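Okay, here's what each chain looks like letter by letter:
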Amino acid sequence: MAKVIDGKAVAAGVVEQVTAASNALEAQTGARPGLAVVIVGNDPASHVYVSSKSRMAKQCGFKSVQHTLPAETTQAELEALVAKLNEDPEIHGILVQLPLPDTLDSDPVIQSIRPEKDVDGLHVVNAGKLMTGDLDGGLISCTPAGAMLFVRQTHGPDLSGLNAVVIGRSNLFGKPMSALLLAANATVTTAHSRTKDLAGVCRNADILVAAVGRPRMVKAGWVKPGATVIDVGINRIDAPERGEGKTRLVGDVAFDECAEVAGTITPVPGGVGPMTIAMLMANTVTAAMRAHGLKPPSF
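Residues numbered from 1 in each chain as written. Predicted model: local features only at pLDDT ≥ 70, side-chain atom pairs only at ≥ 80, totals over all residues. Heavy atoms only, no water.

## So, the overall build of the chain
Here is step 1: The helix and strand tally for the chain stands at 10 helices and 11 strands.
Here is step 2: In summary, the chain has a C-alpha radius of gyration of 19 Å against a globular reference of 19 Å for 299 residues, a match within 12%.
Here is step 3: Projecting the C-alpha coordinates of the chain onto the three principal axes gives extents of approximately 55 × 45 × 35 Å.
Here is step 4: Contacts in the chain between residues at least 24 apart in sequence constitute 68% of all its contacts with a sequence separation of at least 6.
Here is step 5: Here the chain has roughly 13,900 Å² of accessible surface; of this, 52% comes from carbon and sulfur atoms. (Helix = DSSP H or I, 4+ residues; strand = E, 2+ residues; numbered from the N terminus. Rg over C-alpha atoms; globule rule 2.2 N^0.38 Å. Contact = heavy atoms within 4.5 Å. Areas by Shrake-Rupley, 256 points an atom, 1.4 Å probe, with all protein chains shown as cover.)

Structure, rendered in structure tokens:
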């Protein structure tokens with residue numbers, strides 16, 4: 001059986017580092033890292049995520065600010081709030097919770113956030129720095145950064161000689177994940193819905209990362225014996241065994257069968273999920289320390 005990575009435990013270690021850095025920043029400068037989270041509308045899942053982020057920010061000793069806007073908020077009003085937060089010296093990180101209501105265009109909003117405050121790592125400047133191998137100058141998208149921490153803990157910082165396959169080519173995860181693996185010297189294949197013989201491509205992977213949003217798509221026959229399997233999928237499926245109308249979360253990987261083949265594997269839930277918020281906190285304290293001319297810790 002594969003070693004199962006405990007994402008909650010790894011995330012707790014990151015949060016411990018963040019809290020120590022936050023305390024050090026306050027001791028040296030009198031300032032606390034400031035995180036502003038903006039949420040528009042009434043999407044229940046988004047409100048759960050935002051509450052988790054705000055709680056974690058306070059736990060880390062941050063100044064945590066939440067702006068909850070009605071669904072009727074206009075594009076101009078939202079962009080005006082972001083502009084105000086850009087100018088606030090006590091706010092070091094700005095996060096606009098996605099998805100926005102259909103009446104709003106998210107890209108201009110995200111691109112209006114100053115790159116040095118873009119703790120989601122979605123601004124084209126931060127994405128460009130990552131793609132050109134500048135891992136220290138920008139802010140890296142949180143979920144890929146968390147997944148990469150799992151990879152480094154399993155294989156070390158240098159992935160020379162290892163084949164990595166990322167299933168998924170989204171700007172949010174697939175592309176930055178591939179860039180991180182490439183920067184660590186892995187030989188990287190970015191696979192997707194139009195990849196020919198996807199199962200065969202995956203079987204060549206020493207590191208297999210699945211981020212496609214299809215429940216339990218990756219089967220045991222896709223996994224190279226001893227491979228590291230990182231499951232980024234979060235899919236809700238019917239669970240009649242739990243009662244009528246009940247559901248449960250599963251990943252993009254058929255966990256039980258793949259765990260018998262893989263060397264290391266992440267579960268869903270409890271794998272990559274907890275790392276996303278932890279790395280958001282890491283990005284925020286990094287942004288705050290840079291703003292005060294201090295060198296942030298390596299996460």
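Still to come is the rest of the account.
## So, the side chain of Thr264
Here is step 1: Relative to the elements of secondary structure, Thr264 occurs in strand E11 (residues 264-265).
Here is step 2: Taking the relative accessible area as the measure of exposure, Thr264 reaches 9% and is therefore buried.
Here is step 3: Other than its neighbours up to four places away in sequence, Thr264 contacts Ala2, Lys3, Ile5, Thr154, Ala227, Thr228 and Val229. (Buried < 20%, exposed > 50% of the residue type's maximum accessible area, 1.4 Å probe, protein only.)

## Thoughts on the side chain of His123
Here is step 1: Tracing the chain through its elements places His123 in the loop between helix H4 (106-112) and helix H5 (124-131).
Here is step 2: Classification of His123 as buried rests on a relative accessible area of 8%.
Here is step 3: Separated by 3.0 Å, the side chain of His123 and the backbone oxygen of Gln111 make a polar contact.
Here is step 4: The contact partners of His123, leaving out residues within four places of it in the chain, are Ile110, Gln111, Ile113, Pro115 and Asp118. (Polar contact = N/O pair within 3.5 Å; in protein donor to acceptor, adjacent residues only side chain to side chain.)

## Observations regarding the sheet that holds strand E5 (residues 163-167)
Here is step 1: Taken in spatial order, the six strands line up as E1-E11-E8-E7-E5-E6 in an open sheet, and their pairing is parallel. Since the sheet does not close on itself, it has two edges, and those belong to strand E1 (3-4) and strand E6 (187-191), each with one partner.
Here is step 2: Bridge analysis of strand E7 (residues 207-210) against strand E8 (residues 228-231) gives four bridges, and the strand direction is parallel. Bridging across to E8, Ala210 finds its partner in Asp231.
Here is step 3: Seen against the sheet, helix H6 (residues 142-155) touches E7, E8 and E11 and runs at an angle of roughly 165° to E8. (Pairing = 2+ DSSP bridges. Axes fitted to C-alpha atoms, helices over the stretch in contact; angles between N-to-C directions.)

## Notes on the pairing of strand E2 (residues 34-40)
Here is step 1: With seven of seven residues buried, E2 lies mostly within the body of the structure.
Here is step 2: Both faces of E2 are covered, namely the face carrying Gly34, Ala36, Val38 and Val40 and the face carrying Leu35, Val37 and Ile39.
Here is step 3: By the bridge criterion, seven bridges tie E2 to strand E3 (residues 63-69) in an arrangement that is parallel. When the sheet's bridge partners are listed, Val37 is paired in E3 with Gln66.
Here is step 4: Taking the sense of rotation as the criterion, the β-α-β connection linking E2, helix H2 (residues 44-59) and E3 turns out right-handed.
Here is step 5: Sheet topology places E2 next to strand E4 (residues 93-96); four bridges connect them, and they run parallel. Looking across to E4, one finds that Ala36 is bridged to Ile94. (Right-handed = clockwise from strand over helix to strand, strands pointing away.)

## Here's the deal with the sheet that holds E4
Here is step 1: Ordered in space as E3-E2-E4, the three strands form an open sheet in which the pairing is parallel. Across the chains shown, the open sheet's two edge strands, defined by having one partner strand only, are E3 and E4. On average, adjacent strands in this sheet sit at an angle of 15° to one another, irrespective of strand direction.
Here is step 2: On top of the sheet, H2 reaches E2, E3 and E4; it is set at about 160° to E3, its chief contact.

## Let's talk about the environment of Ser178
Here is step 1: Along the polypeptide, Ser178 turns up in helix H7 (residues 174-183).
Here is step 2: The buried category is assigned to Ser178, whose relative accessible area is 9%.
Here is step 3: When near neighbours in sequence (up to four residues on either side) are disregarded, Ser178 contacts Val166, Val188 and Thr190.
Here is step 4: Here Thr190 takes part through its side chain, which lies 2.7 Å from a polar atom of the side chain of Ser178.

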